[in-house]
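Report on the structure
Here's the letter readout for the chains.
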Amino acid sequence: MPYNLPITILLKQRILMQQTYRTVARDLLAANHLSPELLAQTLSLIGRRQVDYADIYCQRTAFESWHLEEGIVKSGSFQIDQGVGVRAVAGEKTAFAYADSLHPDSIKRSAEAVRVIAAAGQSAEAKVAVPHYGKNVHAVANPIASLDSAAKVALLNKVEALAKAADPRIVQVMAGLTCEYDLVYIARLDGKHSADIRPLVRLSVSVIAKQGDRREQGGAGGGGRFDLAYFDEKRLTEYVQTAVKQALTNLESRPAPAGAMTVVLGNGWPGVLLHEAVGHGLEGDFNRKETSAFSGRIGERVAAKGVTVVDQGDIEHRRGSLNIDDEGNDTRRTVLIEDGILTGYLQDETNARLMGTAPTGNGRRESYSSAPMPRMTNTFMENGSHDPEEIIASIDKGLYAVNFGGGQVDITSGKFVFSASEAWWVENGKLQYPVKGATIIGNGPEVLKHVSMIGNDTALDTGVGVCGKDGQSVPVGVGQPTLRIDAGLTVGGREV
């Protein structure tokens, strides 16, 4: 019957989520002589004081990395890190303690340490553990175990061989591979207990092309919440071709022009500009403290019509996706800007409570040694109606920024500076020549108002994003369609 399929899928999903919970309870908790009941009892030490929220975050992370250059493994490492973070929140005050051990005594001492928090809010008692199974948006296999060491080195050698064969001007190839297998268990004062298994892989390739005395670089890569079977020959070839094309294009580049001009941003990874210039300003803590350019502007027009910005943490297998956030809440799709109107912020437990709203599944932390805060997951702009070629053809004179390197933003003012790793000068609707040294300067909230054409080619990046905030780094995804921005951007150029 047609209705059986969704029911079957839901049942399978629930079975997988229950398996995840049991696996983490066995391999993380029981392996360290812990149990949900013991964690609940430990939370009761905090619950005797008046607190609004408290949790215990247990984590075990296995991490492996390989780096190859000129056919030689220059570095390889494997490490395991485990520990616990204990937190209590009363009003705006947070007490946090952590230990790089999962021994029951370490957890108890950490819990006792946070009891010094000043009494505020309503009294709370720890409740009996109630498992929360969350979602199932990515694989749970251990990627480190999916290939042996020799096969991992062979994978990197394959990348080098493909790059060297692509063009005789490629004189140097560097390739890197990282794998992570993360087990997480979260116990909360309200009795909600959640578990997650988080695999993560990433492969990167960087090439240097030489023509005469000139040398230029290109890079590519990707990954996500998979095992290493994700990197098949087709995907490796795509990464290599992208890196080689970028390096060879840059060999032909000329100095970037400078000044205010029309700019077209490519789809996919250029969404990092949206992430930095707009996304951080939509995180709850900045808006609660009124340090964001978007503070107090819910319901106002902050962007051109057609601009819809979404953060979605439950996209299957994506680098920025999670089954649950680091406070045990389900990740979800959160519309931040809809058709140009500001509709919401990204929230963790603390800022949501203080702002009188609900958490959005965006409470994230780098590890057990860090307290969570509102962070992005996969942040992107949705499709428009224009063909990308139509957008480029509409430019009399301007810049087409295909890809970006690094950048920085001031959250309070919204001002940003980004460097383009691949860009083209456009005249009369046609690409004329590649340019080098282009920097894109503007103000995030202002730039959104000057978006005049939105492509129908929204794409997320290939899986390389890392976001930093207050000293904490977390994996994220970014994306957007091709965009034409008529004003508000200044291009800074420099000589080749």
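These lines cover the structure that appears in this document, whether it is placed above or below. (Residues numbered from 1 in each chain as written. Predicted model: local features only at pLDDT ≥ 70, side-chain atom pairs only at ≥ 80, totals over all residues. Heavy atoms only, no water.)

Examining the pairing of strand 2 (residues 72-90)
Taken residue by residue, a regular strand's side chains alternate between the two faces of the sheet. We count it as follows: Two strands pair if DSSP finds at least two bridges between them. Strands here are runs of E lasting at least two residues and helices are runs of H or I lasting at least four, both read from the DSSP assignment and numbered beginning at the N terminus.
The pairing of strand 1 (residues 53-69) with strand 2 spans 17 bridges and is antiparallel. From the neighbouring strand, T61 faces strand 2, where its bridge partner is D81. From the end of strand 1 to the start of strand 2, which pair antiparallel, there are two residues, and E70 there has a positive phi angle of about 55°. Strand direction decides the pairing type here: strand 2 and strand 3 (residues 93-99), joined by seven bridges, are antiparallel. Within strand 3, the residue paired with G85 across the bridge is Y98. Between strand 2 and strand 3, which pair antiparallel one after the other, the connecting turn spans two residues, and G91 there sits at a positive phi close to 60°.

Notes on the pattern of salt bridges
Applied cut-off: Any Lys or Arg side-chain nitrogen found within 4 Å of a carboxyl oxygen on Asp or Glu counts as a salt bridge.
Considering all chains together, one arrives at 27 salt bridges under this definition. A salt bridge links D27 to R26, with the nearest nitrogen and oxygen atoms 2.7 Å apart. With a closest N to O distance of 2.9 Å, K469 and E283 form a salt bridge. Residue K469 is located in strand 23 (residues 466-469), and its partner E283 is located in the loop between helix 6 (271-279) and helix 7 (284-288); the two are separated by 186 residues in the primary sequence. Bridged by salt links that share partners, the residues D55, R87, E327 and R365 form one connected network.

Notes on the nonpolar core
Formally: For this analysis, a nonpolar core means a set of buried residues of the types Ala, Val, Leu, Ile, Met, Phe, Trp, Tyr and Cys, connected via side-chain atoms within 4.5 Å. Accessible area is worked out with a 1.4 Å probe on protein chains only. A residue is then buried under 20% of its type maximum, exposed over 50%, and partly exposed in between. Here, residues are in contact when the closest pair of their heavy atoms is within 4.5 Å.
Ranked by size, the top nonpolar core spans 62 residues in total, and within it I46, I56, C58, Y185, L203, V207 and F231 carry the most contacts. Take this core: its biggest share by element is nine residues, from strand 5 (residues 170-188). If we ignore the near neighbours within four places in the chain, the residues touching I56 are L39, T42, L43, V84, G85, V86, I107, Y185, I186 and A187. Among the nonpolar cores identified, the runner-up in size contains 44 residues, and A304, V309, A420 and I485 belong to it.

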